[in-house]
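Analysis of the macromolecular model
The chain contents come next:
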Amino acid sequence: MYFVKNLIGMVEAEGIVAFSIPFTAGVVAAAFLPPGGDGDILWWATLVSGTLLGIACAAFCGVGERKWAARAMSFTLGVITFGGAALRGAEAFSLPGLTLGRFAAFIDGIPFPHDQTSALLKAFLTGRRDGLDAAVTGSFRASGASHLLALSGLHLGIVYGMLAKLLALIGHSRTATAIRSVTAIAAASAFTILTGASPSTVRAFLFILLNEVSRLQPGRRRSHISIYCTALTIQLAVHPLAISSIGFQLSYLAMLGIYLLFPKMNAWYPDGARFNPLKHIWTSMAMSISCQAFTAPLVWLRFRSFPLFFLLTNLLALPLTSAMMLCGLATLALCAAGCCPETMKNLTDSIGQALLYCLDVISTLRPPS
């Protein structure tokens, strides 16, 4: 009873953040000390000590101090959650990508002027890299843009951003807001299921879902950190083995940088009343630096590499990628309707070729000796 009572009480009194942090710490601890083999004793020691700590705090601490009992118990719950999945031998959760093969084949069938355009668009929209030659993938890797070819939350975020701008045309009334939220959630869920529900894409979907649900409650203040912790807790509770996915780790680390570091860096540039292109450039740079600051240690630890020209790559590649996805989706829709003009295909192809050219140039740059 103490376990459930303190957990519920802490979430209500202090918010999801106070529960999510120790819960995630418990999942991480269990992931590094899995049951079985050499880690068996350490894993059970972590579980037992966390449980005893929670019971001791609940039994002997004062009423105002029992939040520490709830935190200890939430840590233990994280250990149990991961340990239970590991003991069951649960496999990494993924969906087969409903109709993904047909969608990829449809993209391949569009006659763009250059062969690599359809392969590039297919990689952005489905995550499939077959069709891209070694020179193209090498340019992406050398320029630090490989994350653009790995279908992730970034791509869903781009689609969500484009959809939000289009739906802004219907107004900002309560009814229009509800229509926008429902449409955004439906589109995000369809994209997630269609592309196979990778951990980073699921993260982006949960962020969109929670953000839109909170938008429908105008009297309640939205907190980015609360949304972050809620999504993290839900994803780990449903699929704790995702903690071992590099895509999951990089995705949440990048978002942590955006929430914690980006607002401070972006505020360094003074706001002005007029349109200022330099402000937009600085915003893009601050976003890239914020993500790299939190993901670079993990990238170096796992891959022993660091993209030296990541700022230049992101300043050029991200806008071109967004533009190509926007034009590409419009081209696909018009082709499906049987009325796509050649101008639209040529525009998509030109953006794709510009992207490849920029990355090819960046990949040849070398730091001064």
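Residues numbered from 1 in each chain as written. Predicted model: local features only at pLDDT ≥ 70, side-chain atom pairs only at ≥ 80, totals over all residues. Heavy atoms only, no water.

The next subject is the overall build of the protein. A count of helical and extended segments in the protein gives 16 helices and 0 strands. Out of the 369 residues belonging to the protein, those deemed buried represent 42%. Within the protein, counting contacts between residues at least 6 apart in sequence, those at least 24 apart form 69% of the total. Summed over its atoms, the accessible surface of the protein is roughly 19,300 Å², and 68% of this surface lies on carbon and sulfur atoms. (Helix = DSSP H or I, 4+ residues; strand = E, 2+ residues; numbered from the N terminus. Buried < 20%, exposed > 50% of the residue type's maximum accessible area, 1.4 Å probe, protein only. Contact = heavy atoms within 4.5 Å. Areas by Shrake-Rupley, 256 points an atom, 1.4 Å probe, with all protein chains shown as cover.)

Turning next to the environment of R215. Its place among the elements puts R215 in helix α10 (residues 199-215). By relative accessible area, which is 30% here, R215 ends up partly exposed. On a C-alpha basis, the gap between R215 and A178 in space is 8.7 Å, while along the polypeptide they are 37 residues apart.

Time to look at the nonpolar core. Of all hydrophobic cores here, the largest spans 65 residues; its most connected members are L120, F124, F140 and Y228. Ranked by residue count, the leading element in this core is α10, at 7 residues. The residues touching Y228, leaving out its near neighbours within four places in the chain, are F207, Y252, L253, M255, L256 and Y259. (Core = buried A, V, L, I, M, F, W, Y, C linked by side-chain atoms within 4.5 Å.)

Moving on to helix α16 (residues 342-363). Across its 22 residues, α16 extends 31 Å between first and last C-alpha, which sits within 8% of the 32 Å expected from 1.5 Å per residue. Along α16, the residues classified as buried are M344, K345, T348, D349, I351, G352, L355, L356, L359, I362 and S363. Down the axis of α16, the buried side of the element spans an arc of 160°, and every buried residue falls inside it. Residues of α16 that are exposed and point more than 90 degrees away from the buried face comprise T343 and Y357. In the core, the buried residues of α16 are packed alongside α6 (115-126), α7 (134-143) and α15 (310-337). (Expected span 1.5 Å × (residues − 1). Arc of directions from axis to C-beta.)

Right, let's talk about the packing of aromatic side chains for a bit. Counted under the stated rule, the structure contains 8 aromatic pairs. Centre to centre, the rings of F19 and F23 are 5.5 Å apart; their planes meet at 20°, and the pair counts as stacked. Of the two residues, F19 and F23 are both situated in helix α2 (residues 16-32); the distance of 4 residues between them amounts to about one turn of the helix. Each member of the pair, F19 as well as F23, carries the same accessibility label: buried. Measuring from centroid to centroid gives 6.2 Å for F207 and Y252, while their planes differ by 70°, and the two rings are edge-to-face. Placement of the pair is F207 in helix α10 and Y252 in helix α12 (residues 246-260), with a sequence separation of 45 residues. Judged by its relative accessible area of 4%, Y252 falls in the buried class. Aromatic ring contacts, followed pair by pair, group F207, Y228, F248, Y252 and Y259 into a single cluster. Against the face of F207 rests R203, its NZ or CZ located 4.9 Å from the ring centre. (Phe/Tyr/Trp six-rings, centres within 6.5 Å; stacked < 30°, edge-to-face > 60°. Lys NZ or Arg CZ within 6 Å of the ring centre and 35° of its normal.)

Looking at the protein as a whole, its pLDDT mean stands at 79, while 79% of the residues score no less than 70. Within the protein, no element has a lower average pLDDT than helix α1 (residues 2-14), which sits at 46, and none a higher one than α16, at 91. Within the model, the stretch residues 1-13 combines pLDDT values under 50 with 22 contacts to residues more than four positions away or in other chains. (pLDDT = per-residue confidence, 0-100.)

Here we take up the environment of D360. Along the polypeptide, D360 turns up in helix α16. Sequence separation between D360 and A135 is 225 residues, and the spatial gap between their C-alpha atoms is 8.8 Å.

Now for the side chain of S214. Mapped onto the elements, S214 comes out in helix α10. Judged by its relative accessible area of 17%, S214 falls in the buried class. From its side chain, S214 meets the backbone oxygen of N211 in a polar contact 2.8 Å long. (Polar contact = N/O pair within 3.5 Å; in protein donor to acceptor, adjacent residues only side chain to side chain.)

Below, the discussion takes up a nonpolar patch on the surface. Nonpolar side chains collect at one region of the surface, where W300, F306 and L308 lie side by side and expose about 340 Å² of accessible area between them. Locating L308 in the fold gives a position in the loop between α14 (277-303) and α15. (Patch = residues over 30% accessible without salt bridge, like charges linked within 9 Å, V, L, I, M, F, W, Y side chains within 5 Å. Salt bridge = Lys/Arg side-chain N within 4 Å of Asp/Glu carboxyl O.)

Glancing now at the environment of V213. When you line up the elements, V213 lands in helix α10. Residue V213 is classed as partly exposed on the basis of its relative accessible area of 37%. Along the sequence, V213 and I185 sit 28 residues apart, while their C-alpha atoms lie 9.1 Å from each other.

Once that is clear, we can look at the pattern of salt bridges. Scanning all chains against the criterion turns up 3 salt bridges. A salt bridge links K122 to D108; the nearest nitrogen and oxygen atoms lie 3.1 Å apart. Pair noted here: K122 is in helix α6 and D108 is in helix α5 (residues 100-108), with a separation of 14 residues, a long-range link. According to the relative accessible area criterion, D108 is partly exposed, its value standing at 40%. Between E342 and K345 there is a salt bridge whose closest N-O contact spans 3.5 Å. Placement of both E342 and K345 in helix α16 is noted, with a separation of 3 residues, approximately one turn of the helix. Here E342 falls in the partly exposed class, since its relative accessible area comes to 47%. Beyond isolated ion pairs, a larger network of salt bridges with shared partners links D108, K122 and D130.

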